[in-house]
Amino acid sequence: MSRPLFVLATVLAIVQGAPLEKEQSPADVPDYYELFNNPEAHLTLAKAPTTIKFIEDHGYPAERHYVTTEDGYIISLFRIPYSHNLQNQDVQRPIAFLQHGLFGSSDVWPSLGPDDALPFLLSDAGYDVWLGNARGNRYSKNHTSLSLKHPNFWRFSWHEIGYFDIAAAIDYTLSTENGKGQEGIHYVGHSQGTTVMFVLPSTRPEYNAKIKTAHLLAPVAFMHRMEDFMVNTLSPTLGFNNIYSKLFGSQELLPHNDVVLAFFYNVCRPKSPVMSMFCSDDEEEETVVEQGRTNSTANSVISGVMPAGISTDQVLHYLQEHQSTHFRQFDFGTKKNLLVYGSEEPTDYPTEKITAEMHLWYSDNDDMSAVEDVLQVAATLPNKVMHHMEDPLWDHGDFANNWEVRKYINDPIIAIMNEYEARTK
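Residues numbered from 1 in each chain as written. Predicted model: local features only at pLDDT ≥ 70, side-chain atom pairs only at ≥ 80, totals over all residues. Heavy atoms only, no water.

Please explain the overall build of the protein as it appears in this structure.
When helices and strands are tallied, the protein shows 16 helices and 11 strands. Expressed as a percentage of the 425 residues in the protein, the buried residues total 56%. Counting only contacts in the protein whose residues sit at least 6 apart along the sequence, the fraction spanning at least 24 positions is 77%. Per element, the accessible surface of the protein, about 18,800 Å² overall, is 53% carbon and sulfur. (Helix = DSSP H or I, 4+ residues; strand = E, 2+ residues; numbered from the N terminus. Buried < 20%, exposed > 50% of the residue type's maximum accessible area, 1.4 Å probe, protein only. Contact = heavy atoms within 4.5 Å. Areas by Shrake-Rupley, 256 points an atom, 1.4 Å probe, with all protein chains shown as cover.)

Quick question: what am I supposed to make of the pairing of strand β7 (residues 211–217) here?
In the case of a regular strand, side chains alternate between the two sheet surfaces. Burial of β7 is extensive: seven of the seven residues sit out of reach of the surface. Pairing of strand β6 (residues 185–190) with β7, which is carried by six bridges, proceeds in the parallel orientation. Note on β7: the bridge partner recorded for Tyr187 is Ala214. As for the winding sense of the linkage, the β-α-β connection from β6 through helix α6 (residues 192–203) to β7 is right-handed. Across five bridges, the pairing between β7 and strand β10 (residues 357–362) is parallel. Across the sheet, His215 pairs through a bridge with His359, a residue of β10. (Pairing = 2+ DSSP bridges. Right-handed = clockwise from strand over helix to strand, strands pointing away.)

Explanation requested: a negative patch on the surface in the structure shown.
Taken together, the side chains of Glu227, Asp364, Glu372 and Glu390 define an acidic patch exposed on the protein surface. Secondary-structure assignment places Glu390 in the loop between β11 (384–388) and α15 (398–401). Overall, the relative accessible area of 65% leaves Glu390 in the exposed class. (Patch = residues over 30% accessible without salt bridge, like charges linked within 9 Å, V, L, I, M, F, W, Y side chains within 5 Å. Salt bridge = Lys/Arg side-chain N within 4 Å of Asp/Glu carboxyl O. Lys, Arg positive; Asp, Glu negative; His and termini not counted. Charge placed at Lys NZ, Arg CZ, Asp CG, Glu CD.)

Got a minute to help me understand the nonpolar core in this structure?
For soluble globular proteins, the rule of thumb is that nonpolar side chains tend to be buried together. Membership of the largest hydrophobic core comes to 57 residues, with the highest contact counts inside it found for Tyr187, Phe198 and Met358. The element contributing the most residues to this core is helix α5 (residues 158–175), with eight residues. Not counting residues up to four positions away in its chain, the partners in contact with Phe198 are Leu216, Pro219, Val220, Ala221, Phe327, Ile354, Met358, Val377 and Leu381. Grouped together as the second largest cluster of nonpolar side chains are 32 residues, Leu121, Val188, Phe399 and Ile416 included. (Core = buried A, V, L, I, M, F, W, Y, C linked by side-chain atoms within 4.5 Å.)

Hey, could you run me through unusual backbone geometry in this one?
Peptide bonds are trans in most cases, and residues, glycine excluded, mostly fall at negative phi. At Ser191, a position not held by glycine, the phi torsion is positive, near 55°. Mapped onto the secondary structure, Ser191 falls in the loop between β6 and α6. We classify Ser191 as buried; its relative accessible area is 1%. Here Thr325, not a glycine, exhibits a phi torsion of approximately 70°, which is positive. Tracing the sequence through the fold places Thr325 in the loop between α12 (312–324) and α13 (334–340).

Can you walk me through the pattern of salt bridges in this structure?
Oppositely charged side chains can form a pair if their charged atoms are brought close together. Applying the stated rule across the entire model yields 18 salt bridges. For Arg293, the salt bridge goes to Asp398, with nearest N and O atoms at 2.8 Å. One end of the pair, Arg293, is in the loop between α10 (283–290) and α11 (296–303); the other, Asp398, is in helix α15, with 105 residues separating them in the sequence. Salt bridges here are not isolated pairs; linked through shared partners, they connect Glu63, Arg79 and Asp128.

Explain the side chain of His100 to me, please; I cannot follow it from the model alone.
Here His100 lies in the loop between β3 (95–99) and α4 (118–124). Overall, His100 belongs to the buried group, its relative accessible area being 4%. Polar side-chain contacts of His100 include one of 3.4 Å to the side chain of Asn137. (Polar contact = N/O pair within 3.5 Å; in protein donor to acceptor, adjacent residues only side chain to side chain.)

How should I be thinking about the packing of α5 against α6 in this particular structure?
Packed helices, taken two at a time, are described by their axes: the angle between them and the distance between them. Where α5 meets α6, the closest approach of the two axes is 8 Å, and the angle between their N-to-C directions is 75°. As the angle between them shows, α5 and α6 are arranged roughly perpendicular. Here α5 contributes Trp158, His159, Ile161, Gly162, Tyr163, Ile166, Ala167 and Ile170 to the contact with α6, which in turn contributes Gln192, Thr195, Val196, Met197, Val199, Leu200 and Thr203. Of the residues in the contact of α5 with α6, the class split is 10 nonpolar, five polar and no charged. (Axes fitted to C-alpha atoms, helices over the stretch in contact; angles between N-to-C directions. Parallel < 35°, antiparallel > 145°, perpendicular 65-115°, else oblique. Nonpolar A, V, L, I, M, F, W, Y, C, P; charged D, E, K, R; others polar.)

Mind showing me how you'd approach the packing of aromatic side chains here?
Any aromatic ring pair is given by two values, namely how distant the centres are and how the planes are angled relative to each other. What the rule picks out here adds up to 19 aromatic pairs. Between Phe78 and Tyr139, the aromatic rings sit 4.8 Å apart at their centres with planes inclined by 75°, giving edge-to-face as the arrangement. Highlighted residues: Phe78 in strand β2 (residues 73–80) and Tyr139 in the loop between β4 (128–131) and β5 (142–143), separated in sequence by 61 residues. Of the two residues examined, Phe78 and Tyr139, each falls in the buried class. In textbook terms, an aromatic cluster arises when at least three aromatic residues are bridged by ring pairs, as seen for Trp158, Phe198, Phe222, Tyr318, Phe327 and Tyr349. Between Arg135 and the ring centre of Tyr73, over which it is positioned, the NZ or CZ distance is 3.9 Å. Over the ring of Phe156 we find Arg135, and its NZ or CZ is 5.7 Å from the ring centre. (Phe/Tyr/Trp six-rings, centres within 6.5 Å; stacked < 30°, edge-to-face > 60°. Lys NZ or Arg CZ within 6 Å of the ring centre and 35° of its normal.)

In structure tokens form, the structure reads like this:
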């Protein structure tokens, strides 16, 4: 989540302009067009693989489903209905639902391959596996009445993703032939995928009964103690409802297209003459990667499908959380807040109403999810289990693509799900 946002902050700084260094003549300023127009970059989304291909390439069956939300958005869900290794299509299978983070899509989950990726491991453990896609990303750019070109299409934040998209997805999976008769689903979310799970059962408490277990990887709710450079840089300006946030809000941010893909390739490719240094969180990360902490194959797959597209309001909402020190709904400004919430300030999320079994997986080295922030939201949850990562280097991205993510995250999650299924039979 932090890498695209950091580059975004850098781009905004460039767009705003910066004075030349002392004694620097205009002739010495780099030709940025020439630097970005790299002839070696042949990436194109025309031939970019989809989640279906990522799944089928490993021999698993794959399906795509279209779900219409209560407010008219048409989101895509991908499914591994059964395991080709188990051939268990004729027995009822418990449902597991996976939701990606900010800037991501369902493509992220299968990128580690059949030996380590959670969707494949869940399928081979006997689960009916569903992969969600938030409105506005590459797989969910449709609406029953709104055009993508209309600003109203992009007037949503992660609140609507939780309140509408996740609710619709859960209801849909339970309405399928395999889902009928099942009390609920097991949920796994990373980063923004955790935020939307805090939103849904707190604002629509009836959905607590439809969640068997929820596994929140790098939970993001309260944010004011986080150390992310971009958030700390931008939130003092964009974290308030003002002219800057109004100009920035309600539009598509970093859309999933060839221009953005080529831009990120040129900016973040090794030895980039422009800003490759900004594509890692810090210098230490490069050393860590070289030592083999992350799956480089998965990283290359993910880089070809991210960013997947979001609304600027998703970013604004996070920046508001950071600045306000609250976990609350979107701040529209005093006048509209009075109309929407009946008060000058946005409504706080009543997370104490979340009665579902919530498992919070968190670490000390996560600059997007500070331990103190995680503990603050955990204190409000009546039914939580805390999973602290002992590895002092474990960071935000490690929850998705660390070499040992199966050992420390995926297998333990499946064991918890299996234990739940065993005790409720």
